[in-house]
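Close look at the chain arrangement
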Amino acid sequence: MGTRDPRVDKYIDNAPEFAQPILTRIRAAVHRGCPDVEETIKWGMPSFNFHGILCGMAAFKAHAALGFWKSALVVTPSGQRADEAMGQFGKITTMADLPRMNTLVGYVRQAARLNRERIKVAKPKRAPKPVPRTPADFQGALKRNRKALSSWEAFAPSHRREYIEWITEAKTDATRTRRLATAMEWISEGKQRNWKYMQKPKP
């Protein structure tokens, strides 16, 4: 059997009058869709857990919100604007803004199944950061050092970026000159910018 948290009762009682029936309806749908759900307060708002976070709801001055933790696999409402409010249903101001009870219960059941089966939402792959333009003094130093240039061309884009950012972030010309000299020495030896912190292979 699920649990009910008295703090959720208090949260609903203290919510704006328009939001109280909305929160009550959401709560009822969650318990109907997942009888074993456990209530708690997370991030200052009611949260419903079942093998992890299932969904959460909140009330603000002029609207309420409902959000499913694995929303991409639970519900994709039409006409939603992500900048309008937290959750997947925009700004909920009346009971009419909520899906029908049977639909809402269906969403809860789907969310519960995903958690029970430990299905994760695939995270989109981030495009790698572009390598910053190599400063003229750095490029010139590389051209004058064939060994360093050979290592530099073999470096991955991320390793090049680390060196470029290290040099360009120098606060003074003296620091920049010193870093550039150190970079040429390390690059000639095929060392990455943070080679000192890399784990050494075990013998």
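Everything numeric in this text was worked out from a predicted model, so none of it was measured.

1. Considering the overall build of the chain
Summing up its helical and strand segments, the chain has seven helices and four strands in all. Secondary structure elements of the chain occur, N-terminal to C-terminal, as α-α-β-β-β-β-α-α-α-α-α. Compactness check: the chain gives a C-alpha radius of gyration of 27 Å against a globular reference of 17 Å for 203 residues, more than 25% above the reference. Dimensions of the chain, computed from C-alpha atoms along their principal axes, come out at roughly 75 × 45 × 30 Å. Every one of the 203 residues in the chain was classed for burial, and the buried ones make up 39%. When contacts within the chain are restricted to residue pairs at least 6 apart in sequence, long-range pairs at least 24 apart make up 59% of them. Distance between charge centres in the chain, computed from 37 positive and 19 negative side chains, equals 6 Å.

2. Section: helix α1 (residues 6-14)
Listing the buried residues of α1 in full gives Val8, Tyr11 and Ile12. Across the axial projection of α1, the buried residues extend over an arc of 95°, all falling on one side. Exposed residues pointing more than 90 degrees away from the buried face of α1 are listed as Pro6, Lys10, Asp13 and Asn14. Tucked into the core, α1 has its buried residues touching α2 (20-33), β1 (38-42), β2 (45-49) and β3 (53-59).

3. Topic: unusual backbone geometry
Here Trp43, not a glycine, exhibits a phi torsion of approximately 55°, which is positive. Notably, Arg118 is not glycine yet its phi reads approximately 55°, a positive angle. One can find Arg118 in the loop between α3 (101-116) and α4 (136-143). What makes Arg118 exposed here is its relative accessible area of 68%.

4. Some points on the side chain of Asp5
Considering the arrangement of structural elements, one finds Asp5 in the segment before α1. Note on Asp5: relative accessible area 10%, which makes it buried. Only 2.7 Å separates the side chain of Asp5 from the side chain of Arg7, close enough to count as a polar contact. With sequence-adjacent residues up to four places away left out, Asp5 is seen in contact with Arg27, Glu39, Thr40 and Ile41.

5. Section: the nonpolar core
Counting residues in each nonpolar core, the largest one holds 36 residues, and the members touching the most others are Val30, Leu54, Leu66 and Phe68. Those elements that place two or more of their residues in this core are α1, α2, β2, β3, β4 (64-68) and α3. Broken down by element, the residue count for this core peaks at eight residues, all from α3. Phe68 has contacts with Leu54, Cys55, Val74, Val75, Gln88, Phe89, Tyr107, Val108 and Ala111, leaving out every residue within four places of it along the chain.

6. A word on the pattern of salt bridges
Applying the stated criterion across every chain yields a total of six salt bridges. Linking Glu189 and Lys191 is a salt bridge whose minimum nitrogen-to-oxygen distance equals 2.8 Å. One continuous salt-bridge network, built from bridges that share partners, spans Asp9, Arg27 and Glu39.

Calculation notes
- Residues numbered from 1 in each chain as written.
- Predicted model: local features only at pLDDT ≥ 70, side-chain atom pairs only at ≥ 80, totals over all residues.
- Heavy atoms only, no water.
- Helix = DSSP H or I, 4+ residues; strand = E, 2+ residues; numbered from the N terminus.
- Rg over C-alpha atoms; globule rule 2.2 N^0.38 Å.
- Buried < 20%, exposed > 50% of the residue type's maximum accessible area, 1.4 Å probe, protein only.
- Contact = heavy atoms within 4.5 Å.
- Lys, Arg positive; Asp, Glu negative; His and termini not counted.
- Charge placed at Lys NZ, Arg CZ, Asp CG, Glu CD.
- Arc of directions from axis to C-beta.
- Polar contact = N/O pair within 3.5 Å; in protein donor to acceptor, adjacent residues only side chain to side chain.
- Core = buried A, V, L, I, M, F, W, Y, C linked by side-chain atoms within 4.5 Å.
- Salt bridge = Lys/Arg side-chain N within 4 Å of Asp/Glu carboxyl O.

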